[in-house]
Amino acid sequence: MTVQTKRKAAYAIDEAYINRWSPRAFSTKEVEEEKLNAIFEAARWAPSAANWQPWNYIVARKEEDRATFLSFINENNVEWCKRAPVLVLAISKKTRNEEGDPNPWHAFDAGTAWGYLSLEAFRQGLITHGMGGFDKDKARELLEIPSEYDINAVVAVGYHDPTTLLSERNQQREVPSDRKPIESFVFEGKFA
């Protein structure tokens with residue numbers, strides 16, 4: 001899928017960065033084990049502070065596991081993500097050792113791993129869509145997540161099916177979004 005008619009890079013970069021986006025129109029086609037493992041393998045190689053690798057993922061592929069996930073995802077997201085064959089909860093360990101010393105970079109590192117995961121999914125012919133619209137407390141309770149882990153995001157993973165029927169609201173949102181120019185978020189010397 002090429003989306004360069006909607007997105008243009010200001011500088012020369014690999015096309016994967018432009019063509020990867022977050023559709024909502026998922027196919028119910030199962031994701032092959034090899035491809036699923038490949039996206040987690042990519043996440044595995046993300047850089048992290050002191051090599052602590054704080055990211056963890058809880059995967060829901062079975063119907064009963066997906067139903068549990070759908071019970072804590074906001075209704076507006078369930079509307080489209082219920083078709084995704086794989087739902088993933090990204091969490092990160094807030095502590096760096098057995099003594100419970102804090103890892104202040106856990107979320108930054110987990111975000112980097114999610115970026116690697118998402119780009120590898122694109123390379124594998126899959127789509128991903130990250131979500132913040134869910135009940136973290138309910139997810140923690142239902143999935144028995146210990147308190148030393150922060151709950152970051154839910155990610156839907158699967159194949160794109162542009163023929164999927166979406167609500168009118170989501171049909172309008174089913175386009176690659178543009179990005180701010182780098183001049184609006186990169187400052188030299190001090191914050192402008």
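Here, the structure is the one placed above.
What comes next concerns the included structure. In this text the structure is predicted, and so the values were computed from the model without any measurement.

### What to know about the environment of I18
Moving on, step 1. Mapped onto the elements, I18 comes out in helix α1 (residues 15-19).
Moving on, step 2. Residue I18 is classed as buried on the basis of its relative accessible area of 10%.

### Considering helix α5 (residues 106-123)
Moving on, step 1. Between the first and last C-alpha of α5 there are 26 Å, a value that for 18 residues agrees with the 26 Å anticipated at 1.5 Å per step.
Moving on, step 2. Inspection of α5 places H106, D109, A110, A113, L117, S118, E120 and A121 among the buried residues, and these make up the whole buried set.
Moving on, step 3. For α5, the secondary structure elements touched by its buried residues are α2 (33-44), β1 (55-60), β2 (86-93), β3 (127-131) and β4 (149-158).
Moving on, step 4. Looking one or two residues past α5, G125 carries a phi angle of roughly 85 degrees, positive in sign.

### Looking at the nonpolar core
Moving on, step 1. In this structure, F69, I73 and L89 are the most contacted members of the largest nonpolar core, which totals 24 residues.
Moving on, step 2. Elements with a minimum of two residues in this core: α3 (63-72), α4 (75-81), β2, β3, α6 (136-143) and β4.
Moving on, step 3. The greatest single-element share of this core, amounting to four residues, is contributed by β4.
Moving on, step 4. Aside from chain neighbours lying at most four places away, what touches L89 is N56, Y57, I58, F69, F134, A139, L143, I145, I151, A153 and V154.

### Some points on the pairing of β4
Moving on, step 1. In terms of burial, β4 is a largely internal element, seven of the ten residues being buried.
Moving on, step 2. Where β2 and β4 come together, eight bridges link them in antiparallel fashion. Across the sheet, the residue bridging to L89 is V154, located in β4.
Moving on, step 3. With five bridges connecting them, β3 and β4 associate as antiparallel partners. Within β4, the position partnered with T128 by the bridge is V157.

### So, empty space enclosed by the protein
Moving on, step 1. In this structure the tally under the stated criterion is one cavity of 30 Å³ or more.
Moving on, step 2. Estimates place the volume of the largest cavity at around 50 Å³.
Moving on, step 3. In terms of lining, the largest cavity is formed by eleven residues, of which the most central are R20, W21, F122, L126 and I127.
Moving on, step 4. If you list the elements that add at least two residues to the lining of the largest cavity, you get α5 and β3.
Moving on, step 5. The biggest single contributor to the lining of the largest cavity is α5, with three residues.
Moving on, step 6. Its residues assigned to classes, the lining of the largest cavity comprises seven nonpolar, three polar and one charged.

Quick notes on the rules
- Residues numbered from 1 in each chain as written.
- Predicted model: local features only at pLDDT ≥ 70, side-chain atom pairs only at ≥ 80, totals over all residues.
- Heavy atoms only, no water.
- Helix = DSSP H or I, 4+ residues; strand = E, 2+ residues; numbered from the N terminus.
- Buried < 20%, exposed > 50% of the residue type's maximum accessible area, 1.4 Å probe, protein only.
- Expected span 1.5 Å × (residues − 1).
- Contact = heavy atoms within 4.5 Å.
- Core = buried A, V, L, I, M, F, W, Y, C linked by side-chain atoms within 4.5 Å.
- Pairing = 2+ DSSP bridges.
- 1 Å grid on protein atoms, 1.4 Å probe; cavity = no way out; pocket = protein on both sides within 12 Å on 5 of 7 lines; lining within 4 Å.
- Points joined across faces, edges and corners; volume = space filled by probe spheres on them.
- Nonpolar A, V, L, I, M, F, W, Y, C, P; charged D, E, K, R; others polar.

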